[in-house]
Protein chains: 2
Amino acid sequence: MPIPVETFFLAPGAGGTLQQQIRAMIADGILAGRLRAGDKLPSSRRLADHLGVSRITVTLAYTELVAGDYLTALGRSGHFVSQTAPVRPGLRHPSSPRASAVDWTRRVVRDFSGHRIIGRPQDWRSHPYPFIYGQADPALFDHQNWRQCALQALGRRDFDALTEDYYERDDPMLIEYVLRALLPRRSIAAEPSEVLLTLGAQNALWLAAQVLLGPGRRAVTENPCYTGLRSILGQTGSDVTAVEVDEEGLPPDRVPDGADVVFVTPSHQSPTNATMPVDRRLALLERAARQDFLIVEDDYEFEMSFLKPAAPSLKSLDGEGRVIYVGSFSKSLFPGVRLGYIVAPEAFVREARALRGAVFRHPPGHVQRTVAYFLALGHYDAHVNRLHQAFRRRRVVMNEAIRDAGLTVAGRGAFGGSSFWMAAPEGVDTEDLAQTLRARGVLIEPGRQFFAPGREARNCYRLAYSSIAPGKIPEGIARIAEALAERRAGTE
Amino acid sequence: MPIPVETFFLAPGAGGTLQQQIRAMIADGILAGRLRAGDKLPSSRRLADHLGVSRITVTLAYTELVAGDYLTALGRSGHFVSQTAPVRPGLRHPSSPRASAVDWTRRVVRDFSGHRIIGRPQDWRSHPYPFIYGQADPALFDHQNWRQCALQALGRRDFDALTEDYYERDDPMLIEYVLRALLPRRSIAAEPSEVLLTLGAQNALWLAAQVLLGPGRRAVTENPCYTGLRSILGQTGSDVTAVEVDEEGLPPDRVPDGADVVFVTPSHQSPTNATMPVDRRLALLERAARQDFLIVEDDYEFEMSFLKPAAPSLKSLDGEGRVIYVGSFSKSLFPGVRLGYIVAPEAFVREARALRGAVFRHPPGHVQRTVAYFLALGHYDAHVNRLHQAFRRRRVVMNEAIRDAGLTVAGRGAFGGSSFWMAAPEGVDTEDLAQTLRARGVLIEPGRQFFAPGREARNCYRLAYSSIAPGKIPEGIARIAEALAERRAGTE
């Protein structure tokens, strides 16, 4: 790599002659590992101009560095960092002190890293049996058409959409397609002023929580629930009550008095996959009206309703404007796209939009426009259809393998989805189980992380089929059964 | 039912090729329920005649719709809407109630929209003399190589970088290039654990403020300062003190006792363009050590140092680990890319990373990888060089035009930059002036928005030359002078 001339500075107040300073500057860079073997130095003329010194000063410094085997001179090609240059691994630039004079524990206003989201192993693709949730499967993605749409969005006609600082606005083309092509599938009609694009559902939930919650306010979640939501609510300083779900999701009559905002996942309860029946949806809305609370509806996976059409969204049944609806492209496209949306009354969207403006302005324009083309050209629907077919097949294989292995399903999802919620025998700690299985190439998601602290079911786990090849499912399930059998044998 | 050919029309001004438009038109009709399963499409010849396009265009669109399962081809009988075409569940009457039963003023915990960022007019490109700041100029952007890098980042080898949910991580390739190719230009050496990618400088400043500020803490800004920063700090609930800058930026001895975090723009003070000399930088660091405050250094425009090399960053002079450094690609690439970075001690980055994870996880992977390639292949340096040359030329034209018109420059920027800070005669309200000029095709940025409330200079304004063609500059400046002369004549 050619080293840009801008990277060289003479430290103010440094001692020695200019020639010595130049030599020290380059030698330090090599010793610290910033300049690496084979990197090309600027010509002596360029460096001299840049530093405001005479060319001969640089030439002499270079000559000395060649003599010390820091540099190699390759005739007319110039000077390069020598392949055998001295290195001092671990040495750092003096300007970046390891030991800070600052007491950071006192400086940081809240413990953000204590609430962190539990990620999946970074190397999940290297495991042959990854029953992990929420990552894209390259075998199912319509790579070619996505490229085509991205290319179109990179065209000169779309230069503004690509480069512009939109401030608080969104790409009008994507808003148009969300309104016309996505929301009608959930029977939701909305105006552009009632829609806000977000960086995924995580960001949508975060914005809703920030606008509506704080100390003295009361939030209600499902128990178990999406872990990302728990970390969001933990940072608001509000009271958080977790209400146990049953096989029909959140029971409306258990929503405590004084609730301000209730977070629900009616389509596929996360993580149990329970579907809330229409009666219960209406009962929840009625209770919201009576007790005057708001509802944040996370409809994160409605696109994966391949067994039968999804039940109507809470938002579509909401006659009072109490529901803040959250949708996402993470499941229907891929999570790395980081795009989702909020549909809510304009008074809410106005505040969320201003907050988003202060936090990061807007999702990158290119990503917005690419998704807009993908929707406009019909690729989105074809892609979702393809996912439906694949997931339907995988689910059949899962069902058979689970039955054959004698495992217990705790929640399947009436409409489809991409995972099963599983129950190991009482007494099994699935965090231990996950560790054992990981060493055998199988990734499962232990259940404890989804529960409110102190009210965990340690024997639950989640098995997703969205990222595992169908041919791998039977053996993966068999290995889980085997590990469970070993545990049973061990305790008997 | 045979669908009458008259129901089809191509929307005026629609994007994409004719074939794509036809496909979108039919897919939309099916999704919206206007075209139903079993409906017969017009023959390709009839539709082609009706739309005034070639028959092959319609045939190819039909073929793609068959592939996407929107249509079925039944031999010589023609094309029908497929029985398994994607459908939306029963369209409901707009259920989104206009009048909400909810009292949103009581629901929203803070007035976010009161602190909003003042954007520039959306239609700025339609004004012939846009002296507006911070937008990209299509004439200067290396569109072809950007496309090439984006395409490479869309390749199958980069599928993980594109689609993966990184959770709290960043693209290691981009981090590597930030460490090796960008930070050394500011004499900053750092470990990967000391760098965090953000959604632009706005997001970096927001994260720093959230981690370090809250009720009972004291923030210090420059006066005037970047408006986005004022809205960020306003939302933290901390005390904010604005300190008047002089022609060398923030005077360290005016930082009040009890300051927790000081926000500065030493390279090009925003918006006055003052450059802080090295002596003053050292004095500020000394005062930070003595009074135990932290410094957030917004180095937002260091790449635009085309007159002479930028002064060393505060971060590079910081022996105590007190400086949180903020960089951005908004000026060197384009603002719509929404990418910036923080360099700070690991203890700080850990908290900022956890917070970012809860707020939106990570910037989209595709954007990260595209920028990484743009850096890796040397296009970034070539692009910045091209900007330097163009801005240097424009600056000469600006200087001449301003001199000829007799306007007063209040701050020019010793190293370069992309704007002049201007002073109109005392008594001129530049918000009025901006309105007058806008009607005459000239966009300027009135100064009041940059100042702390109650301490505004109403006669200042900013003229940027980053988005205006050099040929337009003289006439634009002449029109400003003319409008000012009219005001003078009017008051005499």
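Residues numbered from 1 in each chain as written. Chains lettered and ligands numbered in written order. Predicted model: local features only at pLDDT ≥ 70, side-chain atom pairs only at ≥ 80, totals over all residues. Heavy atoms only, no water.

Put simply, the rule reads: UniProt positions are given in the numbering used here, feature names are shortened, and annotations may be inferred rather than shown by experiment.
An unreviewed UniProt entry annotates chain A as PLP-dependent aminotransferase family protein originating from Albidovulum sediminis. Taken directly from UniProt, the Sequence similarities (unreviewed entry) text for chain A runs: "In the C-terminal section; belongs to the class-I pyridoxal-phosphate-dependent aminotransferase family."

**Some thoughts on the pairing of strand E5 (residues 218–223) of chain B**
Residue and element names in this part refer to chain B. So the rule is basically this: Each residue's exposure class comes from its accessible area (1.4 Å probe, protein chains only) as a fraction of the maximum for that residue type: buried when under 20%, exposed when over 50%, partly exposed otherwise. Each helix corresponds to a stretch of at least 4 residues labelled H or I by DSSP, and each strand to a stretch of at least 2 residues labelled E; elements are numbered beginning at the N terminus. For two strands to be treated as a pair, DSSP must find at least two bridges joining them. A clockwise course of the path from the first strand over the helix to the second, judged with the strands pointing away from the viewer, identifies a crossover as right-handed.
Of all six residues making up E5, five are buried, and the element is well covered by its neighbours. As paired strands, E5 and strand E6 (residues 239–244) are joined by six bridges and run parallel to one another. Across the sheet, residue Asn223 finds its bridge partner in E6, namely Glu244. On the question of chirality, the crossover connecting E5 to the parallel E6 by way of helix H9 (residues 227–234) is right-handed. Here E5 pairs with strand E7 (residues 261–264) via two bridges, running parallel. Opposite Val220, over in E7, you have Val262 as the bridge partner.

**Section: the nonpolar core**
The line we're drawing: Joining through side-chain atoms within 4.5 Å is the link that ties buried Ala, Val, Leu, Ile, Met, Phe, Trp, Tyr and Cys residues into a set, and such a set is a nonpolar core.
Counting 78 residues, the largest nonpolar core has A:Phe329, A:Tyr341, B:Phe329 and B:Tyr341 as its most contacted members. With 72 residues, the next largest nonpolar core counts A:Ala201, A:Phe360, B:Ala208 and B:Leu355 among its residues.

**Notes on the sheet that holds E6(B)**
Within a beta sheet, neighbouring strands are joined by backbone hydrogen bonds and run either parallel or antiparallel to one another. All names here are of chain B. Applicable threshold: As a rule, the C-alpha atoms of each element are fitted with a line to give its axis, helices using only the stretch in contact, and angles between N-to-C directions run from 0 to 180 degrees.
An order of E4-E10-E9-E8-E7-E5-E6 is seen for the seven strands of this open sheet, with the pairing classed as mixed. Across the chains shown, the open sheet's two edge strands, defined by having one partner strand only, are strand E4 (195–198) and E6. Taking the axes of each pair of neighbouring strands and ignoring which way they run, one obtains an average angle of 20° across the sheet.

**Some words on the pattern of salt bridges**
The cut-off we apply is this: For this analysis, a salt bridge means a side-chain nitrogen from Lys or Arg found within 4 Å of a carboxyl oxygen belonging to Asp or Glu.
Under the counting rule described, the total for this entry stands at 56 salt bridges over all chains. In this structure, the salt-bridge partner of A:Asp292 is A:Arg322, at a minimum N-O distance of 3.0 Å. In this pair, A:Asp292 is assigned in the loop between helix H10 (278–291) and strand E8 (294–298) and A:Arg322 in the loop between helix H11 (314–317) and strand E9 (323–328), connecting sequence segments 30 residues apart. Assessed through its relative accessible area of 4%, A:Arg322 is described here as buried. Residue B:Glu320 pairs with B:Arg322 through a salt bridge whose shortest N-O separation is 2.7 Å.

**Regarding the packing of aromatic side chains**
Where two aromatic rings form a pair, the distance of their centres and the angle of their planes describe that pair. Residues and elements named next belong to chain B. As a reminder of what qualifies: Think of it this way: a Phe, Tyr or Trp ring, Trp meaning its six-membered ring, pairs with another when their centres are within 6.5 Å, and the plane angle makes it stacked under 30 degrees, edge-to-face over 60, tilted otherwise.
Under the criterion given, the structure shown has 29 aromatic pairs over all chains. Here Phe306 and Phe391 contribute two aromatic rings whose centre-to-centre distance is 6.5 Å and whose plane-to-plane angle is 80°, an arrangement assigned as edge-to-face. Of the two residues, Phe306 is situated in the loop between strand E8 (294–298) and helix H11 (314–317) and Phe391 in helix H14 (residues 379–405); the sequence distance between them amounts to 85 residues. When its relative accessible area of 4% is taken as the criterion, Phe306 is described as buried. Judged by its relative accessible area of 6%, Phe391 is buried.

**So, the UniProt feature "domain: HTH gntR-type" (unreviewed entry) in chain A**
The residues that UniProt annotates with the feature "domain: HTH gntR-type" (unreviewed entry) are residues 16–84 of chain A. Spanning residues 16–84 of chain A, this segment combines 51% helix with 9% strand, and its end C-alpha atoms are found 27 Å apart.

**A look at the environment of A:Gln389**
Positionally, A:Gln389 belongs in helix H14 (residues 379–405). Separated by 316 residues in the primary sequence, A:Gln389 and A:Ala73 have C-alpha atoms spaced 62 Å apart.

**Examining the interface of chain B and chain A**
Heads up, the rule is: The contact criterion used is simple: two residues touch if any of their non-hydrogen atoms lie within 4.5 Å. Accessible surface is computed with a 1.4 Å probe, and the buried area is the amount of it that two parts give up when combined, taken over both parts together. Here a polar contact is recorded for every N or O atom pair within 3.5 Å, except that within protein the pair must consist of a potential hydrogen donor and a potential acceptor, and residues adjacent in sequence are included only if both atoms are side-chain atoms. In the scheme used here, Gly and all other residues not listed as nonpolar or charged are polar, with Ala, Val, Leu, Ile, Met, Phe, Trp, Tyr, Cys and Pro taken as nonpolar and Asp, Glu, Lys and Arg as charged.
At the junction of the two partners, chain B supplies 129 residues and chain A supplies 125 residues. Carbon and sulfur atoms supply 55% of the area that chain B and chain A bury against each other, a total of about 11,400 Å² over both sides. Area buried by chain B at its contact with chain A is led by B:Trp104, B:Arg107 and B:Arg180, which between them contribute 7% of it. For the pair chain B and chain A, the interface holds twelve salt bridges. Taken together, chain B and chain A are joined by 49 residue pairs in polar contact (both at pLDDT 80 or more). A per-element tally of the side of chain B that touches chain A places helix H12 (residues 346–359) of chain B first, with nine residues. Looking at the side of chain B that touches chain A residue by residue, the class counts come to 61 nonpolar, 30 polar and 38 charged.

**Examining the packing of helix H2 (residues 44–51) of chain A against helix H3 (residues 55–67) of chain A**
Residue and element names in this part refer to chain A. Keep this limit in mind: Note on terminology: angles under 35 degrees are roughly parallel, angles over 145 are roughly antiparallel, angles of 65 to 115 are roughly perpendicular, and the others are oblique. Crossings are assigned a handedness: left-handed for a near helix turned anticlockwise from the far helix by less than a right angle, right-handed for a clockwise turn.
In the contact formed by H2 and H3, the axes pass within 8 Å of each other and the chain directions differ by 120°. Taken together, H2 and H3 sit at an angle that is classed as oblique. With respect to the hand of their crossing, H2 and H3 are arranged in right-handed fashion. Counted together, Ser44, Arg45, Leu47 and Ala48 of H2 and Arg55, Val58, Thr59 and Tyr62 of H3 form the full contact between these two elements.

**Notes on the pairing of strand E7 (residues 261–264) of chain A**
All names here are of chain A. Alternating residues of E7 divide into Val261 and Phe263 and Val262 and Val264, and every residue in both groups is buried. Two elements, E7 and E8, share four bridges in a ladder whose sense is parallel. From the neighbouring strand, Phe263 faces E8, where its bridge partner is Val296. Assessed by its sense of winding, the connection that carries the chain from E7 through H10 to E8 is right-handed.

**Side note on the domain arrangement of chain A**
Inclusion rule: Source of the domain bounds: an automatic or database domain assignment.
Domain annotation for chain A reports domain 1 (5–81), domain 2 (121–135 + 382–491) and domain 3 (142–377). Put simply, the middle of domain 1 of chain A and the middle of domain 3 of chain A, counted by C-alpha atoms, are 55 Å apart.

**Let's talk about the side chain of A:His366**
With respect to the helices and strands, the residue A:His366 is situated in helix H13 (residues 365–376). Discounting residues that sit within four places of it in the chain, A:His366 has contacts with A:Ala150, A:Ala153, A:Leu154, A:Ala161, A:Leu162 and B:His366.

**Quick look at the environment of B:Arg254**
Assignment of secondary structure puts B:Arg254 in the loop between E6 and E7. Here B:Glu244 takes part through its backbone oxygen, which lies 3.3 Å from a polar atom of the side chain of B:Arg254.

**Quick word on the sheet that holds strand E14 (residues 445–446) of chain A**
Residue and element names in this part refer to chain A. Read from one edge to the other, the open sheet built from four strands follows the order E11-E12-E15-E14, with strand pairing classed as antiparallel. Each edge of the open sheet carries a strand with a single partner, namely strand E11 (408–411) and E14. Across two bridges, the pairing between E14 and strand E15 (residues 460–464) is antiparallel. Note on E15: the bridge partner recorded for Pro446 is Tyr461. Across the sheet, H14 touches E11, strand E12 (419–423) and E15, and the angle it forms with E12 is around 15°.

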